[in-house]
There are 2 protein chains.
Amino acid sequence: MSSQVAVPSGTAASPLGLHRVIDPPGVLPQAATRLDTRAELWPDEVRVRLERVNLDAASFHQLRDAHGGDPRRLRRAVLDIVRSRGKMHNPVTGSGGMLIGTVEEVGPESPLGLRAGDRIASLVSLTLTPLVIEDDLVDWDGSSEQVPCRGYAILFGRSIATKLPEDLPVPLALAVLDVCGAPALTARVVGRYTSPTVCVLGAAGKSGSLSLAAARRAGAARTIGVVPDGREEQALARTSLADVVVRADARDPVALSDAVTKAGGPADVTVVCVDVPGCEGGAIVSTAQNGTIVFFSMATSFSAAALGAEGLAADVTMLIGNGYVPGHAEYALDLMRTEPDVRHLFQARSSTKQPRPGGSRTG
Amino acid sequence: MSSQVAVPSGTAASPLGLHRVIDPPGVLPQAATRLDTRAELWPDEVRVRLERVNLDAASFHQLRDAHGGDPRRLRRAVLDIVRSRGKMHNPVTGSGGMLIGTVEEVGPESPLGLRAGDRIASLVSLTLTPLVIEDDLVDWDGSSEQVPCRGYAILFGRSIATKLPEDLPVPLALAVLDVCGAPALTARVVGRYTSPTVCVLGAAGKSGSLSLAAARRAGAARTIGVVPDGREEQALARTSLADVVVRADARDPVALSDAVTKAGGPADVTVVCVDVPGCEGGAIVSTAQNGTIVFFSMATSFSAAALGAEGLAADVTMLIGNGYVPGHAEYALDLMRTEPDVRHLFQARSSTKQPRPGGSRTG
């Protein structure tokens, strides 16, 4: 395989993983169609023995629908993707997921601060992570996005990984880490305003409930939680995360704007955690002039947001929800530990086992 | 037609134009597939007698390619879209354009400050503007995105329009107004940093050259202009808009990052004005930690930007380039009047008549 790789083993690695890109040459690993998955490490890399990969929600649902939920076909589909691309990068959804495992070997120049034996979660997308699956996924029944497997993954110098906390159940920790960029960025944005009103769309979801807690902690004077149905309305209303709980369809700008206004809006900061398309207009009309919208939903349309704000003469700052903020994992895990309301919502969600808006963020 | 409209004539209009939406009910005019184009005004509306519509670059190129450049077929295609949708909203590209004309009637409650007889340009997208074309576009030869026509358009209470300046040629003023959000937002973002380094991708284009001038005026200590080829390199180097002119492919993150670093980067503020897909990674790796990227290109992929930054552990703020900033038209026209370098670049571009990256922004 070495003949196909531009940078031979032993030369300096790129912290971005460029030396692992086979095709097309010169692109970043995420844009690549094929990565070099050799087990041998460049000096700043880390190899992780897999425990499970966690497919992102969009990818899992697409695969499940495409294969009628048949476990054998699902296993085959995931294996085909990983073997042909050298990473779990769903070509239909463009998304991946995350992984957990145990550090197997650490290159002498790795800056990640990991040691062999550490049990970790990767916080960079599987769409850019070299991955080898060594079994036939026989331990995966295809009913959940959590895929137990044998194999290994490679982390680069600039990858992000965090040790799994010992005081939280692994599924709960994974669920938090999957969306941990949202509360950290929400806190940062809310902190730029004085006593702002903060509205979270998809407020009973994972990223939504963490963002509500983060907004309160960062100084929100009023929090408005928007949910799509009566079940989520009841669940959120049983907590004290939102000052006002509003049931509205975030895709209906008129209904949403009316509901948010009645609840004390428009919002100075609107956080979009609803993973369905078509929420840009509603978010814009529910946000005050000089306000900020943070789009975490991977279903966000760039052009709908840009042209929508322009068409409404809305002087709002619109942020692409960058999933990386320094310290994001620790911050989100701390919220989970110290906010019983957040934990209740997460546990209620996992017990219902249904996909919900505001779900997986790590693509 | 009134039976199809939710709000009958005479009742209060929505400043967002919701009362003009026929199908599907309840959405914003931009998301609608059909608008009510009646000439009768709601009290806060304005009717404009058309002089020409300016198709956005993406839409014009798509139509031209789809119809082999045949003027008769092009006219028919534009007329079909406008007649079936009640607006110029290209269903393939999702974009529209802008218009110029003369104010014909002003509703008694219009807040736009216009008077009958004013010659104006609309600064909201044609994708949300009720439009009627009354001729067969016989004056349009199909060779340019500027379409002379007879007919009328409706502006809402919250639309944006600006009087055409009398001291600039109309084509030049239109070209400036088409991208006027970019320099205003660039100036705002640059002003948040102290003596920042600012890099503009697509720097010899319309939005790019205006953004360079705006960055300098807003306090940039160093400006880097990135262009794709030798012709644009020469054109930009003949001006003093950029401290350093760099030739690089913005879609190649490694080449771009290397070039920007050699020119004094990474940048504190990166402004993306290149209207080709795949520039997200390059922009991210060319921007310093704590920097800001402003994406004006309508070819930007939300997910590529979000997952790309996360995958690179890049703590950068990524803004969706909102085309509306208060005072944007006046600011851009002032730059055109007072910066001879910008005018030279605009005039050189229009004389070459070829579509270029960094072109039309108003969708």
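Residues numbered from 1 in each chain as written. Chains lettered and ligands numbered in written order. Predicted model: local features only at pLDDT ≥ 70, side-chain atom pairs only at ≥ 80, totals over all residues. Heavy atoms only, no water.

Draft legend 1. Expanded view of the side chain of T162 of chain A. Residue placement: T162 of chain A occurs in strand 9 (residues 161-163). Those residues in contact with T162 of chain A that lie beyond four places of it in its chain are R119, I120, A121, L123, L177, A329 and E330 of chain A. (Helix = DSSP H or I, 4+ residues; strand = E, 2+ residues; numbered from the N terminus. Contact = heavy atoms within 4.5 Å.)

Draft legend 2. Main features of the pairing of strand 15 (residues 317-320) of chain A. All names here are of chain A. Because side chains alternate across strand 15, one face comprises the buried residues T317 and L319, and the other comprises M318 and I320, equally buried. Sheet topology places strand 14 (residues 287-295) next to strand 15; four bridges connect them, and they run parallel. Note on strand 15: the bridge partner recorded for F295 is I320. One crossover worth recording links strand 14 to the parallel strand 15 by way of helix 9 (residues 302-311), and it is right-handed. (Buried < 20%, exposed > 50% of the residue type's maximum accessible area, 1.4 Å probe, protein only. Pairing = 2+ DSSP bridges. Right-handed = clockwise from strand over helix to strand, strands pointing away.)

Draft legend 3. Region of interest: the interface of chain A and chain B. Tallying the contact residues gives 50 residues for chain A and 50 residues for chain B. Looking only at chain A, the three residues that lose the most surface to chain B are F302, E310 and I320 of chain A, adding up to 19% of its buried area. Our count for the contact surface shared by chain A and chain B stands at two salt bridges. With a shortest N-O distance of 3.0 Å, D315 of chain A and R188 of chain B are connected by a salt bridge. Here chain A and chain B share eleven residue pairs in polar contact (both at pLDDT 80 or more) between them. Element by element, the count of residues in the side of chain A that touches chain B is highest for helix 9 of chain A, at ten residues. Tallied by class, residues from the side of chain A that touches chain B come to 27 nonpolar, 17 polar and six charged. (Buried area = accessible area lost by both parts, 1.4 Å probe. Salt bridge = Lys/Arg side-chain N within 4 Å of Asp/Glu carboxyl O. Polar contact = N/O pair within 3.5 Å; in protein donor to acceptor, adjacent residues only side chain to side chain. Nonpolar A, V, L, I, M, F, W, Y, C, P; charged D, E, K, R; others polar.)

Draft legend 4. Fine view of the relation of the copies chain A and chain B. Rotating chain A by 180° and moving it 0.0 Å along the rotation axis overlays it on chain B with an RMSD of 0.0 Å. Expressed as a symmetry operation, the mapping of one chain copy onto the other fits a two-fold axis. Distance from the rotation axis, computed per C-alpha, reaches its smallest value in chain A at L319 of chain A: 2.4 Å. Mapped onto chain B, 100% of the interface residues of chain A again fall at the interface, so both copies present the same surface. (Least-squares fit on C-alpha atoms with pLDDT ≥ 70 in both.)

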